[in-house]
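# Structural overview
Residue-level listing of the chains:
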Amino acid sequence: MIVSHKNRFVFVKTRKTGGSSIEHALEPFCSRNDTLTALPPEVKIPNHSRNYIRNGQLLEPHDSGEKILELFPETKDYTWFTVERHPYTKTISAYYYIKNRIDRGVDQLGDLDNFIFNGYSGDGQPVDDHLWCVGGKPIVDGILRFEHLAEDFAQLGIPYLV
């Protein structure tokens with residue numbers, strides 16, 4: 001998650017969509033006063049000092065837009081964006097992420113078919129709209145497609161990754 005006052009944008013980070021790489025790519029354009037949540041330990045890219053505490057609350061990488069807006073009301077007029085990925089490839093990515101990360105074997109996780117049919121996100125959906133919607137309505141100005149990031153960044157008017 002990034003709140004960039006310098007560039008007037010908010011990046012709402014979703015799961016299994018390259019969010020850590022996007023944070024890393026945008027970090028050089030941010031100032032020390034901007035907020036970037038910590039990268040997970042398994043990410044093997046430099047993690048510079050990041051400002052991820054606001055009003056005494058620890059900010060998490062996948063905090064909801066609702067929480068971000070509550071903690072940063074001044075960002076209401078910033079450009080808000082997120083990234084989503086085709087649900088099929090997102091589900092496959094999640095399966096292998098969990099399979100390789102959690103101390104349990106494939107037998108306990110089940111095979112890919114079982115994982116797909118039983119869902120992986122509690123509600124069975126690979127979409128993270130609960131992170132970028134409030135009251136069922138999107139609060140983001142753009143939902144970038146993982147498969148078309150450069151094109152979508154350009155259309156949103158954020159030139160950093162073009």
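Predicted model only: the values in this text are computed from it and were never measured. (Residues numbered from 1 in each chain as written. Predicted model: local features only at pLDDT ≥ 70, side-chain atom pairs only at ≥ 80, totals over all residues. Heavy atoms only, no water.)

Moving on: helix 1 (residues 19-26). Three or more residues of helix 1 are buried, namely Gly 19, Ser 20, Ile 22, Glu 23 and Leu 26. The arc enclosing the buried residues of helix 1, seen along the axis, measures out at 160°, which places them on a common side. Where helix 1 is buried, its residues contact strand 1 (2-4), strand 2 (9-12), strand 3 (35-36), strand 6 (79-84) and helix 7 (149-156). (Buried < 20%, exposed > 50% of the residue type's maximum accessible area, 1.4 Å probe, protein only. Helix = DSSP H or I, 4+ residues; strand = E, 2+ residues; numbered from the N terminus. Arc of directions from axis to C-beta. Contact = heavy atoms within 4.5 Å.)

Okay, the sheet that holds strand 3 next. Taken together, five strands build an open sheet; the order of strands is 3-1-2-6-9 and the sheet is mixed. Each having just a single partner strand, strand 3 and strand 9 (142-145) make up the two edges of the open sheet. Judged from the four bridges that link them, strand 6 and strand 9 form a sheet pairing that is parallel. Bridging from a neighbouring strand, Phe 81 pairs with Gly 142 of strand 9. The sheet strands contacting helix 1 are strand 1, strand 2, strand 3 and strand 6, and the helix crosses strand 2 at an angle near 155°. This element, helix 7, spans strand 6 and strand 9 of the sheet and lies at about 160° to strand 9. (Pairing = 2+ DSSP bridges. Axes fitted to C-alpha atoms, helices over the stretch in contact; angles between N-to-C directions.)

Every second residue of strand 2 is oriented toward a common face, with Phe 9 and Phe 11 on one face and Val 10 and Val 12 on the other, all of them buried. When strand 1 meets strand 2, the two strands line up antiparallel, connected through three bridges. Along strand 2, the bridge assignment pairs Ser 4 with Phe 9. Between the end of strand 1 and the start of strand 2, which pair antiparallel, lie four residues, with Arg 8 showing a positive phi angle near 60°.

Right, let's get into the nonpolar core. Ranked by internal contacts, the top residues of the largest apolar core, which has 14 residues, are Val 3, Val 10, Val 12, Ile 68, Phe 72, Trp 80 and Trp 132. Of all the secondary structure elements, the ones that give two or more residues to this core are strand 2, helix 2 (65-71) and helix 6 (129-132). With near-sequence residues (within four places) excluded, Val 10 lies in contact with Ile 2, Val 3, Ile 68, Thr 75, Tyr 78, Thr 79, Trp 80 and Phe 81. In terms of nonpolar packing, the next biggest core, distinct from the first, is built from 12 residues, Cys 30, Val 83, Leu 144 and Ile 158 among them. (Core = buried A, V, L, I, M, F, W, Y, C linked by side-chain atoms within 4.5 Å.)

Another aspect to go through is the packing of aromatic side chains. Inspection of the entire model under this criterion finds four aromatic pairs. Measuring from ring centre to ring centre gives 5.6 Å for Phe 9 and Phe 81, while their planes differ by 50°; the resulting arrangement is tilted. Of this pair, Phe 9 sits in strand 2 while Phe 81 sits in strand 6, placing them 72 residues apart in sequence. The class of Phe 9 is buried, set by a relative accessible area of 1%. Aromatic pair Phe 81 and Phe 153: ring centres 5.4 Å apart, planes at 75°, arrangement edge-to-face. Of this pair, Phe 81 sits in strand 6 while Phe 153 is found in helix 7, placing the two residues 72 residues apart along the sequence. (Phe/Tyr/Trp six-rings, centres within 6.5 Å; stacked < 30°, edge-to-face > 60°.)

Functional significance is not addressed by these values, which are geometric in nature.
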